Amino acid sequence: MIRDALLLQLGYNATLVTLGATLLGMAAGVGGTFLFLRKRALVSDAISHATLPGVALAFMVMVTLGGTGRNLVGLLTGAALSAAVGLLLVSWLGTRTRLAEDAAIGSVLSVFFGFGIVLLTVIQTMSAGQQAGLEGFLLGSTAGMLRSDAMVIAVSAALTLALVMLMRRPLTLASFDPEYAVSIGQDVRRTDLAMMGLVLAVTVVGLKIVGLILIVALLIIPPVTARFWTERTDHVVMISGAVGGLSAYVGAALSAAIPAVPTGPIIVLVGFALFALSLLVAPGRGVVSALARHRTHQRRVHLRQGLLAMAQGQPIYENMTLRLLHRQGWARPDGVPTELGRGRAARALRDESRWRVIRSDPAFEAATAQDDGLTDIETVLTADQLAEVDARIPRAEVVA
Amino acid sequence: MSIKLASERHPETGQTSREDSPLAVRGMTVSYGQKPAVFSVDMTVEPGKMTAIIGPNGAGKSTLLKAALGIHKPLAGTTTVFGKPVGAQRHRIAYVPQRASVDWDFPTRVIDVVLMGLYPQLGLLGRVRPAHRARAEDCLTRVGMEDFASRQIGQLSGGQQQRVFLARALAQDADLYLLDEPFAGVDAATEKAIISVLKSLRDAGKTVVAVHHDLSTVTDYFDNVFLINTRRIAEGPVKTTFVTANLQDAYGGRLAGAQMEALALS
């Protein structure tokens, strides 16, 4: 069953939902990246919660005008309008009052959401409100997704990708160094506005699939996950899009295969699984690799300190150092150096003298940057450079 | 009105006219809240010279520079660059912000930061060609950072970060270089590297303006000084302007008399 779902074999509607969700996930991952890099990820939470009153008001207006109130474009327009008002309020509170942005976000988010819930309750009492199904916007509902809905999502996703592609340089500059961006004539306020507009569009389009409470996860988790794997902005954008798309694809397929499981939460959980995996195993920034690096580093520090202590005839107190030296065959268990250990100790001492020469000479700066007291100097300098350095070591320090 | 008052109080004494000046500020006032950080300041930078903006902590040195560039919105005042409004002359200005103003854990490499200096030239979608890359690498070489091109910026020391910022400014190939505390918290090797690059820019006819806090190096490094303490105190060649009376005006009780005697030229 799950296999069928993943291969898009579960019928028309499930396939439509899965494809729509995948495109949305990609757009959210790409659009959310610069929000994350600009350190304004939580603004998306304010945006999404601020959509609710707009949805409810749009419904009421459409019913008043004589419709059923369920026109998706009408509801999403309402959502976009009230989200825009919320967004403007957050930025106004943040720049024009003494309120910090986090406080502004908290206030706008809760007030708009509360107002929206009140409106939903009012709608429940209207005769047309009984079957409105507006609660679906809270956590997403994909059951009744139409081909036209999927098309709306597909077009918005494509537009988002194109806009990010077009604006990648201004977005990068505004995120990394906004003051410099202004100095070369970039209108950073307009860049921010475009970025927020992008996020707003993704949010509104995603309401139907993941719902307003969880859409923020789709904007934040993919870039955070991507950051573990790369040190380049453009790669973060691409990996984030891939992570968002993959989470949404797998999540939507799973929820199609397993009855009565809502789509939005499953997508978020799949995204979280990718995040947790990256957190653990990513090379460089992952927890496991950091731990391994720390252990290796600690061992090298102990070995090197032990060698230097032996070379200078000082006693070694730490058990870990003794154990490591013994295991290398450089010392007896009581700390007395072996023949091999004496040779290594002398070399360690000589390297210390060489590093001292290098550190004092700006010409060796790139090499000095690798001076951690541990690295073998032969891996940093060429034989010629070493000869030059050795010639500069004061006589008294030379160890034969 | 305030503009007029300002110029009456500080009549132009030097030869440089506003039209010739690479950076001319008139009646600039910037406030945070109710208290002006910079009040009614005039500045006329002399072309082809290195000018230090000096003054005590909180005197508005950085603020003045940022307001001139439009990073902070001034309450009043105008800025012209080579005689035209600053907005029309962005391509002739290279700005080096304070190192601490950005997040160095940002996912980007040294070479990418230098390439940012070519963004105005590349436009939105222009491809980074080998020629651009070579130019960025050349700028890194000029600050002695060529071996660091593909390092992540978070791995750099403070001095190296500062030199990467300078390399980015060099990539812009500007006529006016504005630096905000370029020597703050950098090692001696970096300070030497930076000052030699700046002097070579000056010798090539460019204009350099730097916010500077180390009074002991002013006479070695700079041709002109601009003293500020919220208001403009004095402006002109180091020889005639970096003097005890002006330092007294700018720093008040914050510098001991003996210190000033030692620093100033007369």
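Residues numbered from 1 in each chain as written. Chains lettered and ligands numbered in written order. Predicted model: local features only at pLDDT ≥ 70, side-chain atom pairs only at ≥ 80, totals over all residues. Heavy atoms only, no water.

**Some words on the overall build of chain A**
To keep things clear, this is the line we draw: Numbering of helices and strands runs from the N terminus; a helix is a DSSP stretch of H or I covering at least four residues, while a strand is a stretch of E covering at least two. Each radius of gyration reported is based on C-alpha atoms, and the globular scaling rule is 2.2 Å times the count of residues to the power 0.38. We call two residues in contact whenever any of their non-hydrogen atoms come within 4.5 Å of each other. Here the accessible surface of atoms and residues is derived via Shrake-Rupley with a 1.4 Å probe, and residues count as covered only by protein chains that are part of the display. Neither His nor the chain termini are counted; the positive set is Lys and Arg, and the negative set is Asp and Glu. The location of each charge is read from NZ of Lys, CZ of Arg, CG of Asp or CD of Glu.
Looking only at helices and strands, one finds 19 helices and zero strands in chain A. Its C-alpha atoms give chain A a radius of gyration of 30 Å, clearly above 21 Å, the size a compact globule of 400 residues would have. Taken over the C-alpha atoms alone, chain A extends approximately 100 × 55 × 35 Å along its principal axes. Looking at chain A alone, contacts between residues at least 24 apart form 67% of all its contacts between residues at least 6 apart. Working note: accessible area of chain A is about 19,000 Å², and carbon and sulfur atoms make up 65% of it. Averaged over its 33 positive side-chain charges, chain A has a centre that lies 4 Å from the centre of its 27 negative ones.

**Observations regarding empty space enclosed by the protein**
Residues and elements named next belong to chain A. Note the threshold: The distinction between a cavity and a pocket rests on a 1 Å grid over the protein atoms alone: a 1.4 Å probe fits inside a cavity but cannot get out, while a pocket stays open yet meets protein on both sides within 12 Å along at least five of seven lines, and a residue with an atom within 4 Å of a point counts as lining. Grid points are joined across faces, edges and corners, and a volume is the space filled by probe spheres set on the points. As a working rule, the residues Ala, Val, Leu, Ile, Met, Phe, Trp, Tyr, Cys and Pro are called nonpolar, Asp, Glu, Lys and Arg charged, and the rest polar, with Gly in that last group.
According to the stated counting rule, one finds two cavities of 30 Å³ or more in the structure shown. Looking at the largest cavity, its volume works out to about 50 Å³. For the largest cavity, the full set of lining residues is Leu72, Leu76, Met145, Asp149, Val152, Ile153, Val205 and Lys208. Put simply, the parts of the chain that give the lining of the largest cavity at least two residues each are helix H5 (72-96), helix H8 (147-166) and helix H11 (188-210). When residues of the lining of the largest cavity are assigned to their parent elements, the largest contribution, three residues, is made by H8. Looking at the lining of the largest cavity residue by residue, the classes come out as six nonpolar, no polar and two charged. Taken as a whole, the second largest cavity encloses approximately 40 Å³ of empty space. Lining the second largest cavity are Leu23, Leu24, Ala27, Ile153, Ser156, Ala157, Thr160, Val202 and Val205. Of all the secondary structure elements, the ones that give two or more residues to the lining of the second largest cavity are helix H2 (12-37), H8 and H11. Looking at the lining of the second largest cavity, the element that brings in the most residues is H8, giving four residues. In terms of residue class, the lining of the second largest cavity is built from seven nonpolar, two polar and no charged.

**What to know about helix H6 (residues 158-171) of chain B**
All names here are of chain B. Cut-off, in case you're wondering: A helix is expected to span 1.5 Å for every residue after the first. Residue burial is assigned from relative accessible area. The probe radius is 1.4 Å, only protein chains are included, and a residue is buried under 20% of its type maximum, exposed over 50%, and partly exposed in between.
With 14 residues, H6 should cover 20 Å at 1.5 Å per step; its first-to-last C-alpha distance of 20 Å lies within 8% of that length. Taking burial as the measure, the 14 residues of H6 include 14 buried ones, the bulk of the element. In the segment just after H6, Asp173 is the residue with positive phi, at about 50°.

**Quick look at the domain arrangement of chain A**
Note the cut-off: Domain start and end points were adopted from an automatic or database domain assignment.
Each assigned domain of chain A is listed here: domain 1 (2-214) and domain 2 (288-397). Taking only C-alpha atoms, the centre of domain 1 of chain A and the centre of domain 2 of chain A are 57 Å apart.

**Some thoughts on a positive patch on the surface**
Residues and elements named next belong to chain A. Here is the rule we go by: Residues enter patches when they are more than 30% accessible in relative terms and free of salt bridges; like-charged ones are connected within 9 Å and nonpolar ones (Val, Leu, Ile, Met, Phe, Trp, Tyr) within 5 Å. A carboxyl oxygen of Asp or Glu within 4 Å of a side-chain nitrogen of Lys or Arg is what we treat as a salt bridge.
Together, Arg295, Arg299, Arg323 and Arg327 make up a positively charged patch on the protein surface. Those elements that provide at least two residues to the positive patch are helix H15 (287-311) and helix H16 (319-328). Take Arg323: it is sitting in helix H16.

**Section: the side chain of B:Gln172**
As for its placement among the helices and strands, B:Gln172 is situated in the loop between H6 and strand S7 (176-180). Look at B:Gln172 and you get buried, because its relative accessible area is 13%.

**Some details on helix H6 (residues 101-125) of chain A**
Three- or four-residue spacings in an α-helix give side chains the same orientation, since the helix completes a turn every 3.6 residues. Residue and element names in this part refer to chain A. Here H6 spans 37 Å end to end across 25 residues, near enough to the 36 Å set by a 1.5 Å rise per residue. All of the buried residues in H6 are Ala104, Ile105, Val108, Leu109, Phe112, Gly116, Leu119, Leu120 and Ile123. Packed against the buried residues of H6 are helix H3 (43-49), helix H4 (51-64) and H5.

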